[in-house]
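Residues per chain, in single letters:
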Amino acid sequence: MSYEGYNLLYNLFSLGIASMLFTTIFLFVARERVLPRYRMAVMVSGTVTAIAAYHYFRMFDSFNETFGPEAVEGVVYNVGYRYVDWFLTVPLLLVETVAVLALARAVQTKMLVRLVPAAALMIGLGYPGDAQLNVFYDGDASLWGLLSTIPFLYILYVLFVELGKSLDRQPAGVVKKIKELRLLLLATWGVYPIAFIASMNATGFDEMSFVLREAGYTLADILAKFLFCLIVFTLHCLTSVLHHAEFAQSEYSDSVLY
């Protein structure tokens, strides 16, 4: 790998580790800043970034073993770490998205029963193409990309059409944040198929395709987890302020949130 490509990905992996790790620390330390009933949701966000931080350490090690100054001969970069991360964190992010809307418990359960399996299916179908596994159809990445897109579009439909119906029951400030949250999901999740397509036609190792894919995935991860979880935390803070005046006075009397 060229110095430029190696240096770019080295720094992006480092950025991924730092953003996930310190967001985790912040969320667990700051969970007392929301009402008790929202603290579990904040801890779920912290769990998402903690899982991501762990896998970014593993990806960073695999990257260095494959392309670093002391690369081990015969070692191949393990894209599986990223997919295991997504398999765990994407359903949790969807749980967070539904939970923050404060829907009735029955409605939340109905949504999650549809969203979580769709997320698992989306990730599971994308892995064989991304890893170039010659298991079925001679490892045809385009087929796996197409199959993975179907549950991806279904998730977007549920988030933007069906969950959008609940916005009428939310305060104006919360509605604004929820709309920003959904747009962030659309913008960041849209990067994943673009990065997938960038490496889809590569046979063997192609540096440009590899760099585009890993850089795209990493930047999208940072926004979809680091920024997403902080926005969710802000939403819980806003909801705490709006629904409990005494808590707002004691916790946020000196804050711009109050």
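All values reported here derive from a predicted model rather than from experimental measurement.

(A) Geometry of the packing of helix 3 (residues 80-99) against helix 4 (residues 105-130). Packing of helix 3 against helix 4 brings their axes to within 9 Å, and their N-to-C directions diverge by 160°. As the angle between them shows, helix 3 and helix 4 are arranged roughly antiparallel. The two elements helix 3 and helix 4 cross, and the hand of that crossing is right-handed. On helix 4, the residues that touch G80, Y83, W86, F87, V90, P91, L94, V95, V98 and A99 of helix 3 are Q108, M111, L112, L115, V116, A119, A120, M122, I123, G126, Y127 and D130. Here the contact of helix 3 with helix 4 is built from residues that sort into 18 nonpolar, three polar and one charged.

(B) Quick look at the nonpolar core. In this structure, I155 and W189 are the most contacted members of the largest nonpolar core, which totals 63 residues. Where this core is concerned, the elements lending two or more residues are helix 1 (3-30), helix 2 (36-67), helix 3, helix 4, helix 5 (141-162), helix 6 (172-189), helix 7 (191-198) and helix 8 (207-243). If sequence neighbours within four positions are ignored, I155 has contacts with L94, L115, A118, A119, M122 and W189.

(C) View of the packing of aromatic side chains. Tallied over the entire structure, the rule returns 13 aromatic pairs. Judged by centre distance (5.8 Å) and plane angle (45°), the rings of Y6 and Y10 are tilted. Here Y6 pairs with Y10, and both are found in helix 1, just four residues apart, close to one helical turn. Note on Y6: relative accessible area 15%, which makes it buried. Since its relative accessible area comes to 31%, Y10 is described here as partly exposed. Through a chain of ring-to-ring contacts, the aromatic side chains of Y6, Y10, F13, Y56, F60, F63, F67, Y77 and F210 assemble into a single cluster.

Rules behind the numbers
Residues numbered from 1 in each chain as written. Predicted model: local features only at pLDDT ≥ 70, side-chain atom pairs only at ≥ 80, totals over all residues. Heavy atoms only, no water. Axes fitted to C-alpha atoms, helices over the stretch in contact; angles between N-to-C directions. Helix = DSSP H or I, 4+ residues; strand = E, 2+ residues; numbered from the N terminus. Parallel < 35°, antiparallel > 145°, perpendicular 65-115°, else oblique. Left-handed = near helix turned anticlockwise from the far one by under 90°. Contact = heavy atoms within 4.5 Å. Nonpolar A, V, L, I, M, F, W, Y, C, P; charged D, E, K, R; others polar. Core = buried A, V, L, I, M, F, W, Y, C linked by side-chain atoms within 4.5 Å. Buried < 20%, exposed > 50% of the residue type's maximum accessible area, 1.4 Å probe, protein only. Phe/Tyr/Trp six-rings, centres within 6.5 Å; stacked < 30°, edge-to-face > 60°.

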